[in-house]
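Residue-level structure breakdown
Below are the chains, spelled out letter by letter.
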Amino acid sequence: MRCPACGWSNTLKNYPKKNLQLKKKLSDEVLEGLNRNFLTELNDLTSYTLLKKCTDTKEEVIKYAITIWERRKLKEKGYDVYYFIGILRNESKRYDEKRKQESKRLDSLPPSLT
């Protein structure tokens, strides 16, 4: 499909090939969670969008986002993959702050006497 204003076309890219390249960069556990929830139902362009976001995000954040998705049963509530991408984006922003706060909290604990 071509944009009438600028001429950009999303059909010029070979998305199945790019999806395979992006899948190789992810771990088996993350890929299994994504397949279980999303990748089997998506078209190539949407799969590419999800996989590209996942390769740019830390693995722990992706696992946590998958846990949130499954625990809240968001698929049954009618949410789609773009909502999941939003969860990934928000959790990756908060990830570094959570780590800093956790390390401060652990640093302030009294030393063990054992």
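Everything in this summary refers to the structure shown in the same document.

Let us look at the overall build of the protein chain. Along the backbone of the protein chain there are five helices and zero strands. Its helices and strands taken in sequence order, the protein chain reads α-α-α-α-α from the N to the C terminus. The proportion of buried residues among the 114 residues of the protein chain is 31%. In the protein chain, once contacts between residues fewer than 6 apart in sequence are set aside, the share between residues at least 24 apart is 65%.

Along an α-helix, residues three or four positions apart point the same way, because every turn accommodates 3.6 residues. Among all positions in helix H1 (residues 15–25), only Tyr15, Asn19 and Leu22 are buried. Take H1 and look down its axis: the buried residues cluster within an arc of 65°, on one side only. More than 90 degrees from the buried face of H1, the exposed residues found are Lys17, Leu20 and Lys24. Buried residues in H1 make contact with helix H3 (44–55).

Here we come to the pattern of salt bridges. Considering all chains together, one arrives at nine salt bridges under this definition. Where Glu32 meets Arg36, a salt bridge forms, and the shortest distance between an N and an O atom there is 3.7 Å. You can see Glu32 and its partner Arg36 sitting in helix H2 (residues 28–39), four residues apart, about one turn around the helix. Arg36 sits in the partly exposed class, given a relative accessible area of 46%. Taking the shortest distance from any N to any O, the salt bridge between Lys58 and Asp96 comes out at 3.4 Å. Pair noted here: Lys58 is in the loop between H3 and helix H4 (59–71) and Asp96 is in helix H5 (residues 81–107), with a separation of 38 residues, a long-range link. Using a relative accessible area of 45% as the deciding quantity, one classes Lys58 as partly exposed. Judged by relative accessible area, Asp96 falls into the partly exposed class, the value being 41%. Among the charged side chains, a salt-bridge network with shared partners connects Glu29, Glu59 and Lys63.

How each quantity is defined
- Residues numbered from 1 in each chain as written.
- Predicted model: local features only at pLDDT ≥ 70, side-chain atom pairs only at ≥ 80, totals over all residues.
- Heavy atoms only, no water.
- Helix = DSSP H or I, 4+ residues; strand = E, 2+ residues; numbered from the N terminus.
- Buried < 20%, exposed > 50% of the residue type's maximum accessible area, 1.4 Å probe, protein only.
- Contact = heavy atoms within 4.5 Å.
- Arc of directions from axis to C-beta.
- Salt bridge = Lys/Arg side-chain N within 4 Å of Asp/Glu carboxyl O.

Just geometry here; none of it tells us what the structure is for.
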